[in-house]
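# Results of the structural survey
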Amino acid sequence: LQDFGKAMFKPMRQKRHEETPENFFYFVDFQRHNAEIAAFHLDRVLDFRRVPPVAGRFINVTGEILYITHNEELRSVFFNSPANNTCFFAKCLYVCKSEYAVCGHPDLLEGSMSAYLPGLSIAPRISIPNPWIRAYSFTGREEWEVNPLYCDNVKKLYPYNSGNRLLNIIDMAIFDFLTGNMDRHHYEIFTKFGDDGFLLHLDNARGFGRHSDDEMSILAPLTQCCMIKRSTLFRLKLLAKSEYRLSDVMRESLSRDPLSPVLTEDHLQALDRRLGHVLRTVGKCVKKLGEPQVVIRDFDV
Ligand SMILES: Nc1ncnc2c1ncn2[C@@H]1O[C@H](COP(=O)(O)OP(=O)(O)OP(=O)(O)O)[C@@H](O)[C@H]1O
Ligand SMILES: [Mn+2]
């Protein structure tokens, strides 16, 4: 950008009304530009504010990239398709052949732009495996999927045995459950704030793939630990009220994006339904364990 800032662009790969095919594993699912945009808005509506700003945009791949770049290698991956659209592909180890190119129409390409965080020397951060990580294979099972008492182990382990870290993981699970994102292998935190730093919710492009289905396993950290921050629960309850219905707040928030409508009505409705699931899950925990054990006052307020 003119001020030397950077943005990360994810091109449109799937139309908004298309659902992820039912036989697709989550790890071969498309990355959706509109999911990145919607996740940013949802994160703000939930008052987490852990997703760097994302906005939709059309870029002219010829005028805004090919004609102005001084990078020979970048120029070399551009080509004209048989339909006379301008396309380009990435050079990397896998899925980087011309078959996976993205194409303008003929030059215009729809996508999401995420504000890029400052470099690691200015804002150091580390990537940490999600305790509720998913197997990256057809048949693999992780311990949390087979051991209902898995959370008891996590609770004893550093850094989940003190402070907000586990509650932040549960916040992230609720966030991912609402969007339907199963692709959360790692999370990142800024090191500057120590162990109690907030979790960055980066890479939300695999959400909003299926509106007709709620993937309950994403909620495992909440279901298994039966804990939630009081502030999170308060916000979720507010968004379940008819005056502040989550789908309505999201529709309004997203209406200001240049690519509006960002989400189909089906996906907005799914948010309300999933919010209901989250609140019922908390309700069951409270019934079983009592509110003081389940609804936790944040350590930082
Ligand atoms: N807004 C951002 N600012 C700075 N770094 C970012 C941002 N978003 C993502 N990253 C970094 O870039 C990496 C890749 O981003 P992301 O996961 O969104 O893309 P991807 O296409 O899904 O890549 P991968 O296949 O490696 O997961 C992330 O793991 C993260 O470390
Ligand atoms: Mn990713």
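Residues numbered from 1 in each chain as written. Chains lettered and ligands numbered in written order. Predicted model: local features only at pLDDT ≥ 70, side-chain atom pairs only at ≥ 80, totals over all residues.

You'll find the protein entered in an unreviewed UniProt entry as FAM20 C-terminal domain-containing protein, with Sinocyclocheilus rhinocerous given as the organism. A UniProt comment under Sequence similarities (unreviewed entry) is attached to the protein, and it reads "Belongs to the FAM20 family." Comment text from UniProt for the protein, heading Cofactor (unreviewed entry), reads "Mn(2+)". (UniProt positions renumbered as here; feature names shortened; annotations may be inferred.)

### A closer look at the overall build of the protein
When you go through the protein residue by residue, the secondary structure sums to 11 helices and 11 strands. By the compact-globule yardstick of 19 Å for 301 residues, the protein fits well, its C-alpha radius of gyration being 20 Å. Seen through its principal axes, the protein has C-alpha atoms that stretch 65 × 40 × 40 Å. Taken across its 301 residues, the protein has 33% of its residues classed as buried. For the protein, long-range pairs separated by at least 24 residues make up 71% of all intrachain contacts whose partners lie at least 6 apart in sequence. (Helix = DSSP H or I, 4+ residues; strand = E, 2+ residues; numbered from the N terminus. Rg over C-alpha atoms; globule rule 2.2 N^0.38 Å. Buried ≥ 20, exposed ≤ 12 C-beta atoms within 10 Å, placed from the backbone. Contact = placed C-beta atoms within 7 Å.)

### Section: the packing of helix α1 (residues 33-45) against helix α6 (residues 165-179)
Between α1 and α6, the least distance of the axes is 11 Å, while the angle of their chain directions is 135°. In terms of their interaxial angle, α1 and α6 are classed as oblique. Our pair here, α1 against α6, has a crossing hand that is right-handed. Contacts between α1 and α6 pair Ala35, Ala39, Leu42 and Asp43 from the former with Phe175, Leu178 and Thr179 from the latter. Its residues assigned to classes, the contact of α1 with α6 shows five nonpolar, one polar and one charged. (Axes fitted to C-alpha atoms, helices over the stretch in contact; angles between N-to-C directions. Parallel < 35°, antiparallel > 145°, perpendicular 65-115°, else oblique. Left-handed = near helix turned anticlockwise from the far one by under 90°. Nonpolar A, V, L, I, M, F, W, Y, C, P; charged D, E, K, R; others polar.)

### Observations concerning the sheet that holds strand β9 (residues 199-200)
Read from one edge of the open sheet, three strands run β7-β8-β9, paired in antiparallel fashion. Looking at strand neighbours, the two that pair on one side only are β7 (125-129) and β9, the edges of this open sheet. Judged from the five bridges that link them, β7 and strand β8 (residues 186-190) form a sheet pairing that is antiparallel. Note that in β8 the partner of Ile126 across the bridge is Ile189. (Pairing = 2+ DSSP bridges.)

### Quick notes on the sheet that holds strand β2 (residues 54-60)
As summarised here, the arrangement of the three strands in space is β1-β6-β2, forming an open sheet in which the pairing is antiparallel. Edge strands, defined here as strands with exactly one partner in the open sheet, are β1 (7-11) and β2. The sheet shows a mean angle of 35° between the axes of neighbouring strands, direction not considered.

### A closer look at the domain arrangement of the protein
Segmenting the protein into domains produces domain 1 (58-115) and domain 2 (118-296). Computed over C-alpha atoms only, the centres of domain 1 and domain 2 are separated by 34 Å. (Domains from an automatic or database assignment.)

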